[in-house]
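Letter by letter, the chains look like this.
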Amino acid sequence: MYTLSVIAAASALLRVASATEVFAHFMVQNAYAYTVDQWKTDITSAQQVGIDGFSLNWIPPDCETGLDWMVDRIDDAFTAAESMGFSLIYSFDMSYSTCDVFWNQTFMQDMISKYAGNSAAYRWNSNMLVTTYGGDQVDEYGNEFFQGLKDNMQDSNPITLAPALTMYSMGAQTDPTGEASNLMSDYTSIDGYLNWQAWPLNVDSNITVTPDQAFQSALKSNGRSGPYIMAVSPWQYKDLNDGNPLDSWVAYSDTLFPDRFQALVSNDAIQPDIIELLTWNDFCESHYIRDLPNQDDTSATDYVELGDMGAYVWGQNHAPWRIIAKYYISWWKNGSPPAITMDQVVFWHRIHPKATVCSGGSSTGVRNYLYPEDAVFAWALVTESSTISMSIGSNQYWTFEADSSGPSMGMVPFPLYVSGSGDTPEVAIMRNGETLHSASSSQAVSTDCAWQNFNPVVGLVGPGMNSGTNSTS
Ligand SMILES: *[C@@H]1O[C@H](CO)[C@@H](O)[C@H](O)[C@H]1NC(C)=O
Ligand SMILES: *[C@@H]1O[C@H](CO)[C@@H](O)[C@H](O)[C@H]1NC(C)=O
């Protein structure tokens, strides 16, 4: 009896220790210019945050002509990852409803098996883990397709399948248990699940972990052996600017990133097996945490052709958000918050008031555009009691208190009158009447705007990152 409970305790510990992987969703389409060294640079940057692997999102290479290169880039990714103790999984993008050639089981099987001997191929128990984006909304796929893929691989190289079936994830925002239960009965083939919906869905309210809990408990009670993967994302805004209001939206994301992480670390009722950050480099949906690519040098190995979408991405640095990710990832992995060793304030804001009509982009209506608050938001992590001061335009020296017990949050609203020349937010860390560090944003908030832009720019006050803000510390 005694022995048994010791073993049970030991295996419980082991379970906790083994189930703390963090992946970041990586758009292979943005890796056209990548070399093995560029992959290594990205991997180093991700590892500094505590990210263990990339989930490689790619569309069927023959879906459109000219995408064959993706197979080679993935090869380079495995070469780089293997040498750096980094993991990779596939996220087969099954959301494209028109393709010259759709995904087929033979090709997927070949691409998965190709790396069965590579140490970077992430395994869940002994199976290679496979994820998707979608698979439930396109006729060519669905439960039988997934079952076929798994059956084909069962003898040679069995896989664990944890797809992201977006209809179910969206439905779960209003009916968590119902959708989780539908997922289990409709998709008998799946072992685990990636709940893609990391943003409030067309509502002006904060997201909760109730859908996450519903999916995870449905997997468990149905005896599925795969991981529950919880998605965490800082933002959501996209504008295809095609005149269709359905193709242009923002999700209420003002304090989404710290809020969702906070829910994850402080709520015993949600313990996902894996976290997936959405995303590393999806620039078009404004949820990238990677450094911005080099915009001017077309020969840079991270060069990306952003086209129209560049209008809301270039200049909108998000890198300091990685400081928030790093803090909470460490907390989640270790079960306790990490020691605070630096004074840092991460702050972010959009660059025009929401009611402003800009000269480009979907000025006739970005869906949900009234949801975000016109404000500069800040997340402070300090080693000693400090006053954080925030200013923009006529709203000067709005303050909040922070101390070493953990992160604090504050904000300053945009002033009622914002001029065309713009107001640049300034944020300072003060202690004992002295200013320790201060920084102004790299972008002003202005009513003279070239694009209806709901993608924020992120800055940092204090040390810990050397790009993106004009620090005067
Ligand atoms: C399967 O997919 C691959 C990659 O897109 C393609 O080259 C091949 O022609 C497809 N096979 C069939 C039978 O459609
Ligand atoms: C979301 O939560 C934050 C607290 O982190 C709160 O300040 C804010 O008012 C909430 N937003 C809505 C729309 O309820």
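Preceding block: the structure.
Residues numbered from 1 in each chain as written. Chains lettered and ligands numbered in written order. Predicted model: local features only at pLDDT ≥ 70, side-chain atom pairs only at ≥ 80, totals over all residues. Heavy atoms only, no water.

Caption draft 1: Inspection of helix α8 (residues 210-221) at higher detail. With twelve residues, α8 extends 16 Å from end C-alpha to end C-alpha; this agrees with the ideal 16 Å at 1.5 Å per step. Check the buried side of α8 and you find it contacts α6 (166-171), α7 (176-186), β7 (193-195), β8 (228-232) and α9 (256-266). In the stretch just after α8, Gly 223 is the one whose phi turns positive, near 70 degrees. (Helix = DSSP H or I, 4+ residues; strand = E, 2+ residues; numbered from the N terminus. Expected span 1.5 Å × (residues − 1). Contact = heavy atoms within 4.5 Å.)

Caption draft 2: Quick peek at the side chain of Asp 343. Within the secondary structure layout, Asp 343 lies in the loop between α11 (321-334) and β12 (344-349). Residue Asp 343 is classed as buried on the basis of its relative accessible area, which comes to 11%. Within polar-contact distance, the side chain of Asp 343 engages the backbone nitrogen of Thr 383 at 2.8 Å. Here Asp 343 is in contact with Leu 381, Val 382, Thr 383, Glu 384, Ile 429, Arg 431, Leu 436, His 437, Val 461, Gly 462 and Pro 463, once residues within four sequence places are set aside. (Buried < 20%, exposed > 50% of the residue type's maximum accessible area, 1.4 Å probe, protein only. Polar contact = N/O pair within 3.5 Å; in protein donor to acceptor, adjacent residues only side chain to side chain.)

Caption draft 3: Representation of unusual backbone geometry within the structure. Of note, the amide linkage connecting Leu 278 to Thr 279 takes the cis form, showing an omega dihedral of 5 degrees. Take Thr 279: it is sitting in the loop between β11 (274-277) and α10 (310-313). Unlike most non-glycine residues, Tyr 397 shows phi in positive territory, near 55 degrees. Locating Tyr 397 in the fold gives a position in strand β15 (residues 395-402).

Caption draft 4: Geometry of the site of ligand 2. In the vicinity of ligand 2, the contacting residues are Asp 204, Ser 205, Asn 206, Tyr 252, Thr 255 and Asp 259. Take Asn 206: an N or O atom from its side chain is 2.3 Å from an oxygen atom of ligand 2. Here Asp 259 contributes a side-chain N or O atom positioned 3.1 Å from an oxygen atom of ligand 2. Within the complex, the protein chains bury 44% of what would otherwise be the 360 Å² of accessible surface of ligand 2. Residues belonging to the shell around ligand 2 are distributed by class as follows: one nonpolar, three polar and two charged. (Near = heavy atom within 4 Å. Areas by Shrake-Rupley, 256 points an atom, 1.4 Å probe, with all protein chains shown as cover. Nonpolar A, V, L, I, M, F, W, Y, C, P; charged D, E, K, R; others polar.)

Caption draft 5: Spotlight on the pairing of β15. Bridge count for strand β14 (residues 386-392) against β15 is six bridges, and the pairing is antiparallel. When the bridges of β15 are listed, Ile 388 appears paired with Phe 400. Counted between consecutive antiparallel strands, the loop separating β14 from β15 contains two residues, among which Gly 393 sits at a positive phi close to 55 degrees. (Pairing = 2+ DSSP bridges.)

Functional significance is not addressed by these values, which are geometric in nature.
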